[in-house]
Structure formats: structure tokens, C-alpha cells
Amino acid sequence: MICAVIPVQNEEAGVGRVLDQVLAQPVDLVIPVLNGSSDRSPEIIRNYAADPRIAPLVFPVPLGLDIPRAVGAARARALKASAVLFVDGDMSGDVGPALRDLLGAVTRGGLDLALTDCYPPDAAGPSSPLARTLLDVRRLLNRALGLPGLGGASPCHGPHAVSARFLETVPLEALAVPPVALVRSALAGLAVGVAASLPHAALGSPDRGEDHALKLAETIIGDHLEAFCVFSGKKNRSRVLRGLTFDGYDSERRRDLLF
């Protein structure tokens, strides 16, 4: 069984387009993880109820960044999925070809964690200093893991897919902090690689404003600090660097739902 997990929180503008593109792939089950939506997202997903592949999970409150992905993965693992595709409910760009490549990489290509390169060499790099910093942080971790070929690709950016072996090997709570999932994969000797190329602008994710961008950046930096702690074998996963705590959205993550 091939599953797709789609985190959805107030994505009425794009979730229908995302569902259409996911349903066009060879997937057996699509798990939208609705959480804390107060817009028309639930109604839009109900409009797809005639398709027996749609099996939403519904939470009345927000689960926090990345937790819906882990919750959906838990359902997929319980169903003995052979592969799981992850795509966010706001990625309404032309992502279909990338989704197909990602699934192919884990079902036929031998990868356990297939990533999307959102800043491929033939595309323009990030325009803002903040985005360039985040890309540098991702590249630094990839090099430390002995995976320089990943460039700046990361499960924290863009659609990705995992194998059944990944689901059996990597603790599901690691999916709540994507760079930690990457580290766990590398330390376990799983096959990690880039399987799709899709410039960031092509994802179709809406601009949510400067405040969100800053808070998201703080989250990603903190996530990478945790990932370096895991890579170094430290028992405590710190989000502190030079006296500053990089929380961002981390404190809003409902980790209690993962145990």
C-alpha cells in the first residue's frame, strides 16, 4: 500500500489543487490531516468523499508545525504502507511530476528517504539573506552527515517520500523535527538522496508575511541545532546557540500526541 499524507490547516485556497495532483499519482490511500482549520478546508476535503482513497484524520485544534506529518505517518505505518508521500496542503504549484519522481525513488529506486531540491543549480538561489542563511544551515548539516550530494535539500523544505524501512527504523517523533529525521536516517544507514528538483517558487506556497517567515526561520534553525545534538550523540537536544534560544513554532508542537 502506498499512502500520501497531507497536513492541512486553513488551506482552502490550495488544498483542492494539492489533492487533485496527489490523487493523480499511484497512491492507494490519501490521509489529509486536518488540524485547527476554521476555513473551508474541511468542506473541500468532504467534496472528495466519493473517492474511497480519501481517509482524513481530523483534529479540532492545531497540532503545530510538522506534527500532522508524524501523525499521518503513524497511521500509514499501522496500515503496513510500503511507501509514504508527504506534501503540504498549501503546495498548490505544479508539483505532480516531482511527486511521481519521489514515489518512484522509494518504490523502485532504492531510496528510503527521497528529497526534493528546492534550490537546484539551474534555478535562482534564495533572494533574501534570511533564506540564504537557512540554505547554508541545511548544507552544513548535510556535509556533516557525509551527504554533500544533497546540497541544500532537506525534509523541512518541499515534498518528500519515505520507504517502509524508514517507517520501521526512524522513530515517528523524529518526523516532528525534520532535520532530526534526516540525521536518524543517516545514522541508521538508510539510503537518502535527492529524487526531484522543484524551485521554491514553483511550490505555490503562499506568502504568509514577514513575521511568519522570521518565526519559521527561527524554528528551522532550532530544529537543526537539535539535529546536530542527535548527530553528536548528546542526550539533551538543545535549541540554544550563543545564549539565544531558537524556539520559533517549536513550543506549539503537540508532541504529546506522538506517544
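Look a little higher up for the structure.
Residues numbered from 1 in each chain as written. Predicted model: local features only at pLDDT ≥ 70, side-chain atom pairs only at ≥ 80, totals over all residues. Heavy atoms only, no water.

(A) Fine view of the packing of helix α7 (residues 178-187) against helix α8 (residues 210-231). Running from N to C, α7 and α8 cross one another at 25 degrees; their axes reach a closest spacing of 7 Å. By the angle class used here, α7 and α8 are roughly parallel. In terms of crossing hand, the pair formed by α7 and α8 is right-handed. Facing α7, whose interface residues are Pro178, Pro179, Val180, Val183, Arg184 and Leu187, α8 presents Asp223, His224, Glu226, Ala227, Val230 and Phe231. Across the contact of α7 with α8, the residue classes break down as eight nonpolar, one polar and three charged. (Axes fitted to C-alpha atoms, helices over the stretch in contact; angles between N-to-C directions. Helix = DSSP H or I, 4+ residues; strand = E, 2+ residues; numbered from the N terminus. Parallel < 35°, antiparallel > 145°, perpendicular 65-115°, else oblique. Left-handed = near helix turned anticlockwise from the far one by under 90°. Contact = heavy atoms within 4.5 Å. Nonpolar A, V, L, I, M, F, W, Y, C, P; charged D, E, K, R; others polar.)

(B) Expanded view of the side chain of Arg239. Considering the arrangement of structural elements, one finds Arg239 in the loop between α8 and β8 (240-241). Relative accessible area serves as the criterion here: at 8%, Arg239 is assigned to the buried category. Polar contacts involving the side chain of Arg239 include one to the main-chain carbonyl oxygen of Thr219, which spans 2.9 Å. Setting aside anything within four residues of it in sequence, one finds Arg239 in contact with Glu218, Thr219, Gly222, Asp223, Leu225, Glu226, Leu244, Thr245, Phe246, Asp247, Asp250 and Arg253. (Buried < 20%, exposed > 50% of the residue type's maximum accessible area, 1.4 Å probe, protein only. Polar contact = N/O pair within 3.5 Å; in protein donor to acceptor, adjacent residues only side chain to side chain.)

(C) Main features of helix α3 (residues 67-78). Along its twelve residues, α3 runs 17 Å from first to last C-alpha, staying within 8% of the 16 Å computed at 1.5 Å per residue. Lys80 sits one or two residues past α3 and shows a positive phi near 65 degrees. (Expected span 1.5 Å × (residues − 1).)

(D) Broad picture of unusual backbone geometry. Within the chain, Asn10 stands out as a residue other than glycine whose phi angle is a positive 55 degrees. Looking at the element boundaries, Asn10 is found in the loop between β1 (2-8) and α1 (15-23). Even without a glycine there, the phi angle at Lys80 is positive, about 65 degrees. Assignment of secondary structure puts Lys80 in the loop between α3 and β4 (83-86). Overall, Lys80 belongs to the exposed group, its relative accessible area being 69%.

(E) Molecular detail of the nonpolar core. Formed by 40 residues in total, the largest nonpolar core has its most connected members in Val84, Phe166 and Leu175. Looking at this core, the elements with two or more residues in it are β1, β2 (29-35), α3, β4, β5 (113-117), α6 (164-169), α7 and α8. Top contributing element to this core by residue count: α3, with five residues. In contact with Phe166, not counting residues within four places along its chain, are Asp112, Leu113, Leu175, Ala181, Ser185 and Leu190. Counting 34 residues, the second-largest nonpolar core is a separate cluster that includes Val27, Met91, Cys118 and Ala161. (Core = buried A, V, L, I, M, F, W, Y, C linked by side-chain atoms within 4.5 Å.)

(F) Here's a closer look at the pattern of salt bridges. In this structure the tally under the stated criterion is 18 salt bridges. One salt bridge in this structure joins Asp66 and Arg69, with 2.7 Å as the shortest N-O distance. Accessibility assignment for this pair places Asp66 and Arg69 in one class, buried. Between Arg253 and Asp66 there is a salt bridge, with its nearest N and O atoms 2.7 Å apart. Taken together, the residues Arg253 in the segment after β9 (244-245) and Asp66 in the loop between β3 (57-59) and α3 connect sequence positions 187 residues apart. With a relative accessible area of 11%, Asp66 lands in the buried category. Each member of the salt-bridge network shares a partner with another, and the members are Asp66, Arg69, Asp88, Asp223, Glu226, Arg237, Arg239, Asp250, Arg253 and Arg255. (Salt bridge = Lys/Arg side-chain N within 4 Å of Asp/Glu carboxyl O.)

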